[in-house]
Amino acid sequence: MKISKILLLTISVLTLNSCYAKQKSTQSIVEKSLKFSTEQSMILYRSIEKMPDKLPRTMNSDGGLVTSNDKWWTSGFFPGTLWYLYQYSNDEKVKSAAREITQRVKKQQYTTDNHDVGFMINCSFGNAYKLAALAPDKAVIINAARSLSTRFNVKIGCIKSWDKKEWEYPVIIDNMMNLELLCEATRLSGDSSFYKIAVSHADTTLKYHYRPDGSAYHVVNYDTITGGAKAKFNHQGAFDESTWARGQGWGLYGYTMMYRETGKKEYLNHAIKIANLLINYPNLPEDKIPYWDFNAPNIPNELKDASAGAIMASALIELSTFVPKDLSAKYLSIAEQQIRSLSSDKYLAKKGKNAGFILKHSVGFMAKDSEVDAPLTYADYYYVEAMLRYKNLLNATDDK
Ligand code: GLY
């Protein structure tokens, strides 16, 4: 055998060994972090157990818990986190906490004044139904899909995100996430209208929200007469042409999920385009947790957004199952790094601290100075989801 061939073979074996070692060590980090997340979330649950109608939202600057009512857009994430942790732990106490807290969001099945009903009901009742399959939960999901569908405009082809006086018909990239509820409702009810709305929304968003490089605007304001876009801008990003990190996460997750739901190749190709933009972004830090905006003006002296890192990790793990081997390994390795970073002391809370939330250091709305460098329920939700996806993926590979 030629020396060059031996060298190539040795390098391949060494690379394989190091990938395997990294996977094994990430697996043990994931086990430890899921156990911690379960204990921490039960601490959080106990702190609101006696506050009917309240849901955890964030922590104030004194370290105190900030709650919300069920109407706030994040109300479904903590119930969803508990359902995931029940899936992990099989602990009946976690299940009964999940069941109780999920009921607090129930009224939102009838909400028609914003698009967030998808986040609220799919994360809570959607996960409840997957794990416990109770008929009343199924009815809630279908009702919520009906409520969300009332916001669809045929001329535009999208669901309206917000009712705000300053914009005629604003649609935000976050809304991609709410399409999963519609697809699930079609599966549960046999009514294909929900699915058709989801596909139309994803097609229209692909056409109008994205720049040629694969980054998304946060908001597109549509014209209800022509059906076209009147304005494209960022509401939560650093400036109108910037690449707001969480918005990119919503898009990456949304198109990956819509490919899973529809099998449409254009969604897969689009998800790949977004993923490749983000993982190769020169401003993506070494720990792979993005700054709150990829173009924030003072990088590297800007805050990271753990929520964006968690959403990206969860999406990349799913996307890694749909793409050829090389790309799959690349996506999985970035997601592994993100999970490892989020599981480090820098981001992971200490037991009983951080007002009971799992992760520190997310950025809610920078320009409003709201929930900046704070824990957030959706960071915790997607972090736990990413770890479960990783664990399931590796278990499935081991079984082959
Ligand atoms: N959906 C609102 C946000 O991502 O901040």
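Structure: above.
This structure is a prediction, so every number in the text was calculated from the model and none was measured. (Residues numbered from 1 in each chain as written. Predicted model: local features only at pLDDT ≥ 70, side-chain atom pairs only at ≥ 80, totals over all residues. Heavy atoms only, no water.)

A. How the structure looks around the overall build of the protein chain. When helices and strands are tallied, the protein chain shows 12 helices and nine strands. Expected size for 400 residues packed as a compact globule is a radius of gyration near 21 Å; at 21 Å, the protein chain falls within 12% of this value. Summarising its shape, the C-alpha atoms of the protein chain cover approximately 70 × 50 × 45 Å along the three principal directions. Going through the 400 residues of the protein chain one by one, you find that 58% of them count as buried. (Helix = DSSP H or I, 4+ residues; strand = E, 2+ residues; numbered from the N terminus. Rg over C-alpha atoms; globule rule 2.2 N^0.38 Å. Buried < 20%, exposed > 50% of the residue type's maximum accessible area, 1.4 Å probe, protein only.)

B. Structural detail: the nonpolar core. Ranked by size, the top nonpolar core spans 114 residues in total, and within it Met258 and Tyr382 carry the most contacts. Apart from the residues lying within four places of it in its own chain, the contact partners of tyrosine 382 are Phe77, Phe119, Cys123, Met177, Trp250, Tyr253, Ala310, Ile311 and Ser314. The next biggest cluster of nonpolar side chains, apart from the first, holds seven residues, and it includes Ile156, Cys158, Val171 and Tyr222. (Core = buried A, V, L, I, M, F, W, Y, C linked by side-chain atoms within 4.5 Å. Contact = heavy atoms within 4.5 Å.)

C. Layout of the packing of aromatic side chains. Throughout the structure, instances matching the rule amount to 22 aromatic pairs. Taken together, a centroid distance of 4.7 Å and an interplanar angle of 40 degrees make the contact between tyrosine 281 and phenylalanine 294 tilted. Within this pair, whereas tyrosine 281 is found in the loop between helix H9 (265-279) and helix H10 (306-320), its partner phenylalanine 294 is found in the loop between H9 and H10, the two being separated by 13 residues in sequence. Each of the two residues, tyrosine 281 as well as phenylalanine 294, counts as buried. Through pairs of rings, three or more aromatic residues link up here, namely Trp73, Phe77, Tyr84, Phe119, Trp250, Tyr253, Tyr378, Tyr381 and Tyr382. A cation over a ring is seen here: arginine 211 above tyrosine 217, with NZ or CZ 4.1 Å from the ring centre. (Phe/Tyr/Trp six-rings, centres within 6.5 Å; stacked < 30°, edge-to-face > 60°. Lys NZ or Arg CZ within 6 Å of the ring centre and 35° of its normal.)

D. Layout of the sheet that holds strand S6 (residues 219-222). In space, the three strands of this open sheet follow the order S5-S6-S7, with antiparallel pairing throughout. Taken across any chain shown, the strands that pair with only one partner, and hence form the sheet edges, are strand S5 (170-172) and strand S7 (229-233). Going from strand to strand, the sheet's axes swing by 20 degrees on average, the running direction of each strand aside. Against the sheet, helix H7 (residues 192-208) contacts S5, S6 and S7, and its axis sits at roughly 105 degrees relative to S6. (Pairing = 2+ DSSP bridges. Axes fitted to C-alpha atoms, helices over the stretch in contact; angles between N-to-C directions.)

E. Structural view of unusual backbone geometry. A cis amide bond links isoleucine 299 with the next residue in sequence, proline 300, at an omega value of 15 degrees. For proline 300, the position within the fold is in the loop between H9 and H10. We note that aspartate 53 has phi near 75 degrees; this positive angle belongs to a residue other than glycine. Inspection of the secondary structure puts aspartate 53 in the loop between helix H1 (3-48) and strand S1 (55-59).

F. Molecular detail of the side chain of lysine 304. Within the fold, lysine 304 resides in the loop between H9 and H10. Of note is the side chain of lysine 304, whose polar atom sits 3.0 Å from the side chain of aspartate 287. Polar contacts involving the side chain of lysine 304 include one to the side chain of tyrosine 347, which spans 3.4 Å. Look past the residues within four positions of lysine 304 in its chain and what remains in contact with it is Pro285, Asp287, Ile289, Pro290, Tyr291, Trp292, Lys346, Tyr347, His361 and Val363. (Polar contact = N/O pair within 3.5 Å; in protein donor to acceptor, adjacent residues only side chain to side chain.)

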